[in-house]
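Analysis of the macromolecular model
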Amino acid sequence: LQTGAPATCIAGATDAPFVRGDINADGTVDIADAIALLNYLFRGGRTPPCMESANLNDDGAADIADAIYALTYLFREGQAPKAPFPGCGPDSAGGGMGCLSFPPCTE
């Protein structure tokens, strides 16, 4: 069982284009993405293929705050994820967590 400590980097990650908030890389931003992040953080679920996509608030870590951000955006008219969103693009701030791959942006 993971402790919920924030994920910060992936060794060997690249700067592949991605969509922030599409944590499960299925081409849509929906509740499944928040669930995927919570499963990763607290239940030992699959590591997102692009950790930067899980960093919705662009604070340099994928953690519970990002799951809350996603749910607030989806269900409480909260702020949209930081760029790149809603389309594919690189991390505009640079120095992020990186992406190993993000199939919806390469198809």
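For the structure itself, consult the block above.
Cut-off values and rules
- All residue numbers refer to position in the chain's written sequence, counted from 1.
- Thresholds applied to this predicted model are a pLDDT of at least 70 for local features of residues and 80 or more for the giving and counting of side-chain atom pairs; totals over whole chains, interfaces and linings are not thresholded and use all residues.
- Processing note: side-chain calculations cover all non-hydrogen atoms of the structure and skip hydrogens and water entirely.
- Angles shown run from 0 to 180 degrees and are taken between the N-to-C directions of axes, each axis being a line fitted to C-alpha atoms and, for helices, limited to the stretch in contact.
- Where helices and strands are cited, they refer to DSSP runs of H or I of at least four residues and of E of at least two residues respectively, numbered from the N terminus.
- Roughly parallel covers angles under 35 degrees, roughly antiparallel covers those over 145, roughly perpendicular covers 65 to 115, and oblique covers all other angles.
- Here a crossing is called left-handed whenever its near helix is offset anticlockwise from the far helix by less than a right angle, and right-handed whenever the offset is clockwise.
- It only takes one pair of heavy atoms within 4.5 Å for two residues to be counted as in contact.
- Just so you know the grouping, Ala, Val, Leu, Ile, Met, Phe, Trp, Tyr, Cys and Pro go in nonpolar, Asp, Glu, Lys and Arg go in charged, and all remaining residues, Gly too, go in polar.
- The term nonpolar core refers to a set of buried residues drawn from Ala, Val, Leu, Ile, Met, Phe, Trp, Tyr and Cys, joined through side-chain atoms within 4.5 Å.
- In this scheme, a residue with accessible area under 20% of its type's maximum is buried, one over 50% is exposed, and one in between is partly exposed, where area comes from a 1.4 Å probe on protein chains only.
- Two rings from Phe, Tyr or Trp (for Trp, the six-membered ring) form a pair when their centres sit within 6.5 Å of each other. Planes less than 30 degrees apart are called stacked, planes more than 60 degrees apart edge-to-face, and all others tilted.
- Here, two cysteine sulfur atoms that lie within 2.5 Å of each other are counted as a disulfide.

Glancing now at the packing of helix H1 (residues 31-43) against helix H2 (residues 64-75). Contact pair H1 / H2: the axes reach a minimum separation of 9 Å and the direction vectors enclose 165°. Considered as vectors, H1 and H2 are oriented roughly antiparallel to each other. The element H1 and its partner H2 pack so that their crossing is left-handed. Facing Ile31, Ala34, Leu37, Leu38, Leu41 and Phe42 of H1, the residues of H2 in contact are Ile64, Asp66, Ala67, Ala70, Leu71, Leu74 and Phe75. When its residues are assigned to classes, the contact of H1 with H2 shows twelve nonpolar, no polar and one charged.

Ile23, Leu37, Tyr40, Met51, Ala54, Leu56 and Ala62 are the most contacted members of the largest nonpolar core, which has 13 residues in total. Of all the secondary structure elements, the ones that give two or more residues to this core are H1 and H2. At four residues, H1 tops the list of elements feeding residues into this core. Among all residues touching Ala54, those that are not within four sequence positions of it are Ile23, Leu37, Ala62 and Asp66. By size, the runner-up hydrophobic cluster in this structure holds nine residues, among which are Ala16, Phe18, Phe102 and Cys105.

Moving on to the packing of aromatic side chains. Per the counting criterion, the structure on display carries one aromatic pair. Judged by centre distance (5.6 Å) and plane angle (90°), the rings of Tyr73 and Phe85 are edge-to-face. Placement of the pair is Tyr73 in helix H2 and Phe85 in the segment after H2, with a sequence separation of twelve residues.

For the structure on display, the rule yields two disulfides. Linked covalently through their sulfurs, Cys50 and Cys99 form a disulfide whose S-S length is 1.9 Å. You can see Cys50 sitting in the loop between H1 and H2 and its partner Cys99 sitting in the segment after H2, a full 49 residues away along the chain. Assessed through its relative accessible area of 0%, Cys50 is described here as buried. Taking the relative accessible area as the measure of exposure, Cys99 reaches 0% and is therefore buried. Paired by a disulfide, Cys88 and Cys105 hold their sulfur atoms 2.0 Å apart. Looking along the S-S bond of the Cys88-Cys105 disulfide, the torsion reads about -95°, which is the left-handed sense. Highlighted residues: Cys88 in the segment after H2 and Cys105 in the segment after H2, separated in sequence by 17 residues. The class for Cys88 is partly exposed, based on a relative accessible area of 43%. For Cys105, a relative accessible area of 18% corresponds to the buried category. Sequence-ordered numbering of the bonded cysteines in the protein gives a pairing of 1-3, 2-4.

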